[in-house]
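# Structure assessment
As a plain string of letters, each chain reads:
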Amino acid sequence: MLIDPDAELVARAGRGDRAAAEALMARHLPRLMALARRMLGDQAEAEDAVQDTFMRLWTHAARWQPGRAKFETWLYRVTLNQCYDRLRRRTTAPLDEAMSVPDSAPGPAATHENTVLAASIEAALAELPDRQRAAIVLCHHQECGNIEAAEILGISVEALESLLARGRRALRTKLGYLRET
Amino acid sequence: MSVSNEAADVKGMTPVRLAALVDAYGAEPTRWPADERSQATALIRGNAQADVLLSQARSLDQALDSVVPATVPATLSSRILDGFDQIAARPSIRRFISVAANIVWPGAPMWQPSVALAASLIAGLVLGVMSPLGGQGRSINNNADVSVAFTAPQQDSDANL
């Protein structure tokens with residue numbers, strides 16, 4: 001049987017135990033924030049998405065049934081859905097905004113180059129279809145295994161590989177200099 | 001000997017599948033599916049074509065790594081915990097049941113006390129219906145009452161005559 005490391009904490013949080021809620025938050029907040037930030041490309045929106053995810057968790061914790069699905073997988077799925085909702089509400093293409101990432105701190109040339117590179121990668125990621133971006137963020141940045149990532153996205157491993165391959169090819173095309181290497 | 005070991009490892013892995021793995025997961029073997037990793041790693045050893053493939057994938061991996069990690073402001077943590085406090089302060093039947101179930105059956109998932117309660121209810125109902133004392137005893141008494149009720153007036157009338 002699946003042993004979920006979060007099950008006990010979720011049950012306690014469901015009974016109103018604040019210490020359990022804090023422990024759950026400490027365990028998952030950084031990774032959820034990283035996921036939302038990379039999906040949305042915007043710090044404030046990512047914070048809202050993650051806050052709404054935790055509100056859903058607090059609301060549903062009392063009825064959580066361990067064994068059905070891994071808690072972390074469910075949490076990732078809720079966060080991704082929060083991100084998809086926000087992406088759907090956007091009307092303009094985010095490329096120009098992402099390219100103009102503010103760089104007020106005049107650091108060394110190398111730092112500036114890294115910032116520009118990071119901004120161009122973020123912009124290219126932001127231009128990908130949502131599901132391709134989610135697949136790349138989950139497998140590359142969040143370091144999820146292929147089975148876990150497929151479960152979070154609700155697709156087969158084969159479909160995940162297809163999303164990843166198409167996403168990575170699109171990124172290489174967008175970031176032209178990578179085609180030369 | 002090492003050649004034969006490698007041949008065994010490579011079994012099932014083809015250049016086409018290796019290219020598909022690198023295309024999807026990048027150049028880092030730790031990101032490849034665990035069940036194919038050793039075969040794929042064995043296939044790339046000394047393979048010049050695979051080196052080119054890996055080199056291209058590595059460039060994109062490094063570019064992806066340069067994305068700035070997200071920060072978690074302290075204000076977000078307090079907002080999230082404020083939300084917990086608000087929800088915990090609301091009266092909730094489900095939370096009440098969860099707390100009660102934990103007192104009766106500590107640590108058990110919610111379905112176990114629920115199933116135990118339902119089972120005891122059903123057992124009580126079944127026992128009540130099937131019990132021989134309840135139904136039969138009462139019907140015999142009823143019959144006796146009825147026979148008395150119908151015979152008593154006749155005896156009375158005879159006596160009056």
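Residues numbered from 1 in each chain as written. Chains lettered and ligands numbered in written order. Predicted model: local features only at pLDDT ≥ 70, side-chain atom pairs only at ≥ 80, totals over all residues. Heavy atoms only, no water.

### Quick look at the interface of chain A and chain B
What counts here: When checking whether two residues touch, look at their non-hydrogen atoms; a contact exists if any pair is within 4.5 Å. Two parts placed together each lose some accessible area under a 1.4 Å probe, and adding up what both lose gives the buried area. Salt bridge, as used here: a side-chain nitrogen of Lys or Arg that lies within 4 Å of a carboxyl oxygen of Asp or Glu. For the purposes of these results, a polar contact is taken to be a pair of N or O atoms within 3.5 Å, where, inside protein, one atom must be able to donate a hydrogen and its partner to accept one; residues adjacent in sequence count only when each atom of the pair is a side-chain atom. Only runs of H or I of at least four residues qualify as helices and only runs of E of at least two qualify as strands under DSSP, and these elements are numbered from the N terminus.
At the junction of the two partners, chain A supplies 51 residues and chain B supplies 41 residues. Interface area for chain A against chain B, summed over the two sides, is near 4,200 Å², with a carbon-plus-sulfur share of 62%. On the chain A side of the contact with chain B, Arg15, His140 and Arg168 of chain A bury the most area, a combined 17% of that side's loss. Glu143 of chain A is the partner of Arg31 of chain B in a salt bridge, and the nearest nitrogen-oxygen pair spans 3.9 Å. The tally of links between chain A and chain B comes to 16 residue pairs in polar contact (both at pLDDT 80 or more). For the side of chain A that touches chain B, the elements supplying multiple residues, two or more each, are helix H1 (7-14), helix H2 (18-40), helix H3 (43-60), helix H6 (109-127), helix H7 (130-141), helix H9 (157-174) and helix H10 (177-180) of chain A.

### Re the pattern of salt bridges
The following threshold applies: Exposure classes here rest on a 1.4 Å probe applied to the protein chains alone. A residue is buried below 20% of its type maximum, exposed above 50%, and partly exposed in between.
Inspection of the entire model under this criterion finds 20 salt bridges over all chains. Across the pair Arg18 of chain A and Asp85 of chain B runs a salt bridge whose closest N-O atoms are separated by 2.8 Å. Of the two residues, Arg18 of chain A sits in helix H2 while Asp85 of chain B sits in helix H5 (residues 74-89), which places them in two different chains. On the basis of relative accessible area, Arg18 of chain A is assigned to the partly exposed category, the value being 33%. In this structure, the salt-bridge partner of Glu72 of chain A is Arg31 of chain A, at a minimum N-O distance of 3.7 Å. Of this pair, Glu72 of chain A sits in helix H4 (residues 71-89) while Arg31 of chain A sits in helix H2, placing them 41 residues apart in sequence. Residue Glu72 of chain A is classed as buried on the basis of its relative accessible area of 16%. Via salt bridges that share partners, Arg18 and Glu22 of chain A together with Asp85 of chain B belong to a single interconnected network.

### Looking at the environment of Pro30 of chain A
Residue position: Pro30 of chain A is located in helix H2. Along the primary structure Pro30 of chain A and Ala61 of chain A are separated by 31 residues, whereas in three dimensions their C-alpha atoms are 20 Å apart. Here Pro30 of chain A is in contact with Met25 of chain A together with Val72 of chain B, once residues within four sequence places are set aside.

### What to know about empty space enclosed by the protein
Any empty space left between the atoms is revealed when a probe the size of a water molecule rolls over them. For clarity, the threshold we go by: Think of a 1 Å grid over the protein atoms and nothing else: a 1.4 Å probe that fits but is trapped marks a cavity, an open set flanked by protein within 12 Å on at least five of seven lines marks a pocket, and residues with an atom within 4 Å of a point count as lining. Grid points are joined across faces, edges and corners, and a volume is the space filled by probe spheres set on the points.
What the rule picks out here adds up to two cavities of 30 Å³ or more. Each pocket or cavity is described by its volume, and for the largest cavity that value is around 50 Å³. Forming the walls of the largest cavity are Ile136, Cys139, His140, Leu164 and Arg168 of chain A together with Ala24, Tyr25 and Leu64 of chain B. Elements that contribute at least two residues to the lining of the largest cavity include exactly H7 and H9 of chain A together with helix H2 (15-25) of chain B. At three residues, the largest contribution of residues to the lining of the largest cavity is made by H7 of chain A.

### Description of a nonpolar patch on the surface
The following threshold applies: Residues enter patches when they are more than 30% accessible in relative terms and free of salt bridges; like-charged ones are connected within 9 Å and nonpolar ones (Val, Leu, Ile, Met, Phe, Trp, Tyr) within 5 Å. Only the protein chains shown count as cover for residues, and all accessible areas are computed by the Shrake-Rupley method using a 1.4 Å probe.
The grouping of Ile122, Val126, Val129 and Met130 of chain B at the surface amounts to a nonpolar patch, some 440 Å² of accessible area in total. Of note, Met130 of chain B is situated in helix H7 (residues 111-130).

### Some details on unusual backbone geometry
What is expected of a backbone is that most residues other than glycine have negative phi and most peptide bonds are trans. All names here are of chain A. Phi angles above zero are rare outside glycine, and Glu143 is one such case at about 55°. Within the secondary structure, Glu143 is located in the loop between H7 and helix H8 (146-153). Its relative accessible area of 61% is what places Glu143 among the exposed residues.

### A word on the packing of aromatic side chains
Rules: Two aromatic rings, drawn from Phe, Tyr or Trp (for Trp, its six-membered ring), form a pair once their centres lie within 6.5 Å of each other, and the interplanar angle then sorts them: stacked below 30 degrees, edge-to-face above 60, tilted otherwise.
Across all of its chains, the model carries five aromatic pairs over all chains by this definition. Between Trp58 of chain A and Phe84 of chain B, the ring centres sit 5.1 Å apart and the planes meet at 80°, which makes this aromatic pair edge-to-face. Taken together, the positions of Trp58 of chain A in helix H3 and Phe84 of chain B in helix H5 put the pair across two chains. Under the relative-accessibility criterion, Phe84 of chain B is labelled buried at 4%. Between Trp64 of chain A and Phe71 of chain A, the aromatic rings sit 5.5 Å apart at their centres with planes inclined by 85°, giving edge-to-face as the arrangement.

### Comments concerning the confidence of the model for chain B
Residue and element names in this part refer to chain B. Here is the rule we go by: Scored between 0 and 100, pLDDT is the confidence that the predictor attaches to each residue.
On average, residues of chain B carry a pLDDT of 75, and 61% of them reach 70 or more. Segment residues 1-8 is flagged for pLDDT under 50; beyond a separation of four residues in sequence, or across chains, it makes two contacts in the model. Predicted confidence for residues 144-161 stays below pLDDT 50, and this span has one contact to residues more than four positions away or in other chains. Scoring of the predicted complex yields 0.72 for pTM and 0.81 for ipTM.

### Section: the environment of Asp17 of chain A
Mapping Asp17 of chain A onto the fold places it in the loop between H1 and H2. The residues contacting Asp17 of chain A, other than those within four sequence positions of it, are Arg12 of chain A together with Phe84 of chain B. There is a polar contact of 3.0 Å between the side chain of Asp17 of chain A and the backbone nitrogen of Ala19 of chain A. Here the side chain of Asp17 of chain A touches Ala20 of chain A through a polar contact of 3.3 Å, landing on its backbone nitrogen.

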